[in-house]
Amino acid sequence: MPKLNVNIDHVATVRQARGTNEPDPVFAAYLAELAGAHGIVVHLREDRRHVQDRDLYVLRETVKTKLNMEMAATNEMVRIATDVLPDMITLVPEKREELTTEGGLDVVGNLKTVSKVVDKLKAKGLFVSLFIDPDEQQIKKSEEIGADMVEIHTGSYAEARNERKIEKELKKIENSVGIALDCKLRLAAGHGLDYMNVEPIAWIEEIEELNIGHSIISRSVIVGIEEAVSEMLVLCS
Ligand code: PXP
């Protein structure tokens, strides 16, 4: 069974909609952990649209499982990450105008920049994962620059609307898993996973961790976060 890491960015999104102090992502993380989540994920975006620096620092103090900080490969974020020292870092691409992370990090096209950031993070003892598309070259370059893990972007799989397309996207992910294993990379997956589509991904034994946010936080508005996390844990197992 893969570990389930809950991304709580959208708890912060609701708070930022009013600029108040509720709901607090720190409380959400606490309840998610109580419900059995294996880790907590937050993306500190350059524009601070949801998660704030304060959240990251408090979560560092309070998360008892594992804190995964998603960040862009920038000097500002390296400075914060090496100060907070989360349990792991996931490097993601970031565009200001996007609604959410679109597409994987282009490691091949930004080799020097990404490689430098990986080196700086690893010099501080941080475990580094790269969020990439299920693509052979991206995986091979990730290994070349010393990443510990790759998180396979499941967005195209999640968006596929007919069986043929779903099968095709699933195959792509399975092939990438094989390539990553040959490269001795550890494996995670995420993006767009929900209560309807998570099972075929959770069946892929070599994927150690699933990072899921929007579907769990959306459901938690209706049933509460503990119930939403518990239901997802059942599907992952
Ligand atoms: N993994 C990464 C690297 C992400 O950037 C995101 C979105 O913040 C997720 C997983 C979770 O995606 P979703 O919110 O669609 O579950």
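Within each chain, residues carry numbers counting from 1 in the order of the written sequence. Thresholds applied to this predicted model are a pLDDT of at least 70 for local features of residues and 80 or more for the giving and counting of side-chain atom pairs; totals over whole chains, interfaces and linings are not thresholded and use all residues. Hydrogens and water are ignored here; the side-chain numbers use all heavy atoms of the structure.

Peer 1: Help me get a handle on the overall build of the protein, residues and values and all.
Peer 2: Each helix corresponds to a stretch of at least 4 residues labelled H or I by DSSP, and each strand to a stretch of at least 2 residues labelled E; elements are numbered beginning at the N terminus. In terms of helices and strands, the protein carries 11 helices and 8 strands. As a reference, a globule follows 2.2 Å times the number of residues to the power 0.38, and the radius of gyration itself is taken over C-alpha atoms. Over its C-alpha atoms the protein spans a radius of gyration of 17 Å, differing by no more than 12% from the 18 Å that the globule rule assigns to 237 residues. A total of 237 residues make up the protein; the buried ones form 51% of that total. Here the contacts in the protein between residues at least 6 apart in sequence split such that 66% fall between residues at least 24 apart. Accessible area for the protein stands at about 11400 Å²; split by element, carbon and sulfur atoms hold 51% of it. Positive residues here are Lys and Arg, negative ones are Asp and Glu, while His and the chain termini are left out of the count. The location of each charge is read from NZ of Lys, CZ of Arg, CG of Asp or CD of Glu. Here the protein holds 29 positive side-chain charges and 41 negative ones, and the gap between their average locations is 4 Å. Exposed residues in this analysis have more than 50% of their type's maximum accessible area, buried residues have under 20%, and partly exposed residues fall in between, with area computed by a 1.4 Å probe over protein chains only. In what follows, residue pairs with any heavy atoms lying within 4.5 Å of each other are defined as contacts. Residue exposure ignores everything except the shown protein chains as possible cover, and the areas themselves are Shrake-Rupley values with a 1.4 Å probe.

Peer 1: Requested: an account of the site of the ligand, with residues and values cited.
Peer 2: Consider each residue's heavy atoms; a residue with any of them within 4 Å of a molecule or strand counts as near. Contacts to the ligand come from 13 residues, most closely from Glu 70, Glu 151, Gly 192, Gly 213 and His 214. Polar contacts here mean pairs of N or O atoms no more than 3.5 Å apart (in protein, one a potential hydrogen donor and the other a potential acceptor; neighbouring residues in sequence count only if both atoms are side-chain atoms). Gly 192 has a polar backbone atom sitting 2.8 Å from an oxygen atom of the ligand. At a separation of 2.8 Å, an oxygen atom of the ligand approaches a polar backbone atom of Gly 213. Contact with the protein chains removes 94% of the 390 Å² of surface that the ligand exposes when unbound.

Peer 1: Tell me about the sheet that holds strand β1 (residues 3-7), and name the residues and values.
Peer 2: Any two strands between which DSSP finds at least two bridges are classified as paired. Taking strand neighbours around the barrel as the criterion, the 8 strands line up as β1-β2-β3-β4-β5-β6-β7-β8 in a closed arrangement whose pairing is parallel. Averaged over neighbouring strand pairs, the angle between their axes works out to 25 degrees when direction is ignored. With 3 bridges connecting them, strand β7 (residues 186-190) and strand β8 (residues 209-212) associate as parallel partners. The residue of β8 that forms the bridge with Gly 190 is Asn 211. Packed on one face of the sheet, helix α3 (residues 53-62) meets β2 (39-43) and β3 (67-71) and runs near 160 degrees to β3. The convention used is that axes are lines fitted to C-alpha atoms, helices contributing only their stretch in contact, and that angles between N-to-C directions extend from 0 to 180 degrees. Contacting β5 (127-132) and β6 (149-153), helix α6 (residues 136-144) runs over the sheet at an angle of about 165 degrees to β5.

Peer 1: I'd love a proper account of the nonpolar core, names of residues and values included.
Peer 2: We define the nonpolar core as a collection of buried residues of types Ala, Val, Leu, Ile, Met, Phe, Trp, Tyr and Cys that are connected through side-chain atoms lying within 4.5 Å of one another. Formed by 70 residues in total, the largest nonpolar core has its most connected members in Ile 8, Met 71, Leu 91, Leu 121, Leu 130, Leu 210 and Val 229. When residues of this core are assigned to their parent elements, the largest contribution, 6 residues, is made by helix α11 (residues 225-236). Excluding residues within four positions of it along the chain, Leu 121 makes contact with Met 71, Val 78, Ala 81, Thr 82, Ile 89, Leu 91, Leu 126 and Val 128.

Peer 1: Got a sec to walk through α3? Specific residues and values, please.
Peer 2: Where α3 is concerned, the buried positions are Asp 55, Leu 56 and Leu 59. One face of α3 carries all of its buried residues, which in axial projection span an arc of 95 degrees. Of the surrounding secondary structure, the elements contacted by the buried residues of α3 are α1 (9-18), α2 (25-34), β2, β3 and α4 (75-84). Summarising the geometry, the arc corresponds to the directions from the helix axis toward the C-beta atoms.

Peer 1: Provide a residue-level description of the packing of α2 against α11, including the pertinent values.
Peer 2: It is at 8 Å that the axes of α2 and α11 come closest, and there the two elements cross at 45 degrees. When the interaxial angle is binned, α2 and α11 end up oblique. The handedness of the crossing between α2 and α11 is right-handed. Contacts from Ala 28, Leu 31, Ala 32 and Leu 34 of α2 reach α11 at Ile 225, Glu 226 and Val 229. Polar here means any residue other than Ala, Val, Leu, Ile, Met, Phe, Trp, Tyr, Cys and Pro, which are nonpolar, and Asp, Glu, Lys and Arg, which are charged; Gly is therefore polar. Grouping the constituent residues of the contact of α2 with α11 by class yields 6 nonpolar, no polar and 1 charged. Angles are sorted into four bins: roughly parallel if under 35 degrees, roughly antiparallel if over 145, roughly perpendicular if 65 to 115, and oblique for all others. If you view the pair so one helix is near and one far, a crossing is left-handed when the near helix is turned anticlockwise from the far one by less than a right angle, and right-handed when it is turned clockwise.

Peer 1: Now, about the packing of aromatic side chains: what can you tell me, with residues and values included?
Peer 2: Ring pairs shown here join Phe, Tyr and Trp side chains whose ring centres sit within 6.5 Å, with only the six-membered ring taken for Trp; geometry is labelled stacked below 30 degrees between planes, edge-to-face above 60, and tilted in between. Taken as a whole and assessed by the stated rule, the structure comprises 0 aromatic pairs. One cation-aromatic arrangement involves Arg 219 over Tyr 195; the distance from NZ or CZ to the ring centre is 4.2 Å. Only lysine NZ and arginine CZ atoms are considered, and such an atom sits over a ring when it is within 6 Å of the ring centre and within 35 degrees of the ring normal.

Peer 1: Account for the pairing of β6, naming residues and giving values.
Peer 2: Judged by how many residues are buried, β6 sits mostly within the fold: 5 of 5 residues are covered. Side-chain alternation along β6 places Met 149, Glu 151 and His 153 on one buried face and Val 150 and Ile 152 on a second face that is also buried. By the bridge criterion, 5 bridges tie β6 to β7 in an arrangement that is parallel. Bridge pairing in β7 places His 153 opposite Gly 190.

Peer 1: Which residues make up the side chain of Ser 215, and what are the values?
Peer 2: Counting through the fold element by element, Ser 215 comes out in helix α10 (residues 214-223). What makes Ser 215 buried here is its relative accessible area of 14%. For Ser 215, the side chain forms a polar contact with the main-chain oxygen of Leu 193, separated by 2.9 Å. Contact partners of Ser 215, with chain neighbours within four places excluded, come to Leu 193, Asp 194, Tyr 195 and Met 232.

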